[in-house]
Amino acid sequence: CVDRYTAESQSDIVTKTLIKEEHHYPGFMHDLEFMEVEMLGDAHNMATDDDIELLITMRCNNHSVKQCNYTFYVNDSSNQRILQFISQPTKVPNDADIYKIKLKITDHCLACGLYYIALEVGQKDLATAVLNYDHVSNVLSFNINRLHSNPSIGYAVWNRSWGGFYIDEGKKITTELL
């Protein structure tokens, strides 16, 4: 069963995508536009505590946009959205039509499984307004198959009914005997 899961998930891994029209969600303004996304590191063999790093090539179609937020979504193998990270406002270079940005996600706590990445760029202030420029879905994928970044510690078992996250209980939960 584990061998079958590993073989299936390894063949589904996408580590680099040249963004085409079919990747873009319709109806967005494209003031800023995704052109290419690449997963850095070993997307086939990741741990729950590994960082996720992306190299993104962007096109600026409207130089009046001075800053933006990048949103990183994770969908599980059944295409259910399970996680979202929104960056702090990030400066957009005003002297370049094409630019690159590195996106780094830490402390994602994803458990064993195959995951797909969707990305969005826009103005995100959830307290006042959201203005999206571009959204691309399921353009990259990766496999979490180790518990810790130490390569000798893998998952012996993970039941999906336990959820999609593993949070090291020593870091997030404490006990006190009274």
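Below or above, wherever it landed, is the structure these notes cover. (Residues numbered from 1 in each chain as written. Predicted model: local features only at pLDDT ≥ 70, side-chain atom pairs only at ≥ 80, totals over all residues. Heavy atoms only, no water.)

1. A short note on the pattern of salt bridges
Inference 1: This model, assessed by the stated rule, comprises 5 salt bridges.
Inference 2: Among the ionic pairs, R146 bridges to D50, the shortest N-O distance being 3.3 Å. Here D50 lies in the loop between β3 (46-47) and β4 (52-60) and R146 lies in strand β10 (residues 129-146), a separation of 96 residues in the sequence. Each member of the pair, R146 together with D50, is buried. (Salt bridge = Lys/Arg side-chain N within 4 Å of Asp/Glu carboxyl O. Helix = DSSP H or I, 4+ residues; strand = E, 2+ residues; numbered from the N terminus. Buried < 20%, exposed > 50% of the residue type's maximum accessible area, 1.4 Å probe, protein only.)

2. As for the nonpolar core
Inference 1: The biggest cluster of nonpolar side chains holds 38 residues, and the ones touching the most others in it are L32, L54, L119 and F142.
Inference 2: Where this core is concerned, the elements lending two or more residues are β2 (32-40), β4, β5 (67-75), β8 (98-105), β9 (113-125) and β10.
Inference 3: Not counting chain neighbours up to four residues away, the residues in contact with L119 comprise F34, V37, L54, I56, T71, F72, Y73, L103, D134, H135 and V136. (Core = buried A, V, L, I, M, F, W, Y, C linked by side-chain atoms within 4.5 Å. Contact = heavy atoms within 4.5 Å.)

3. Side note on the pairing of β9
Inference 1: Most of β9 sits inside the fold, with 11 of its 13 residues counted as buried.
Inference 2: Pairing geometry for β5 and β9, over 7 bridges, is antiparallel. Counterpart to T71 in the pairing with β9 is E120.
Inference 3: Examined bridge by bridge, β9 and β10 share 12 bridges and lie antiparallel to one another. Residue pairing in the sheet places K124 in a bridge with V130 of β10.
Inference 4: Connecting β9 to the next strand, β10, in antiparallel fashion are 3 residues. (Pairing = 2+ DSSP bridges.)

4. Here's the deal with the pairing of β4
Inference 1: The pairing of β2 with β4 spans 8 bridges and is classified as antiparallel. What sits directly across from E36, in β4, is T57.
Inference 2: Summarising the sheet, β4 and β8 pair through 8 bridges and their orientation is antiparallel. In the strand pairing of β8, I56 is matched with I101.

5. Here we look at the sheet that holds β4
Inference 1: In space, the 4 strands of this open sheet follow the order β1-β2-β4-β8, with antiparallel pairing throughout. Unpaired on one side and paired on the other, β1 (16-18) and β8 mark the two borders of the sheet. Along the sheet, successive strands turn relative to each other by an average axial angle of 25°, direction set aside. (Axes fitted to C-alpha atoms, helices over the stretch in contact; angles between N-to-C directions.)

6. Comments concerning the packing of aromatic side chains
Inference 1: All told, the structure shown has 3 aromatic pairs when counted by the stated rule.
Inference 2: For the ring pair F72 and F85, a centre distance of 6.3 Å and an interplane angle of 55° mean the geometry is tilted. Remark: F85 occurs in strand β6 (residues 81-86) and F72 occurs in strand β5; sequence separation between them is 13 residues.
Inference 3: For F72, a relative accessible area of 1% translates into the label buried.
Inference 4: Seen from the ring of Y73, R81 lies directly overhead, with NZ or CZ sitting 4.0 Å from the centre. (Phe/Tyr/Trp six-rings, centres within 6.5 Å; stacked < 30°, edge-to-face > 60°. Lys NZ or Arg CZ within 6 Å of the ring centre and 35° of its normal.)

7. Here's the deal with a nonpolar patch on the surface
Inference 1: Taken together, the side chains of I86, L126 and V130 define a hydrophobic patch exposed on the protein surface, amounting to about 270 Å² of accessible area.
Inference 2: With respect to the helices, strands and loops of the structure, V130 is situated in strand β10. (Patch = residues over 30% accessible without salt bridge, like charges linked within 9 Å, V, L, I, M, F, W, Y side chains within 5 Å. Areas by Shrake-Rupley, 256 points an atom, 1.4 Å probe, with all protein chains shown as cover.)

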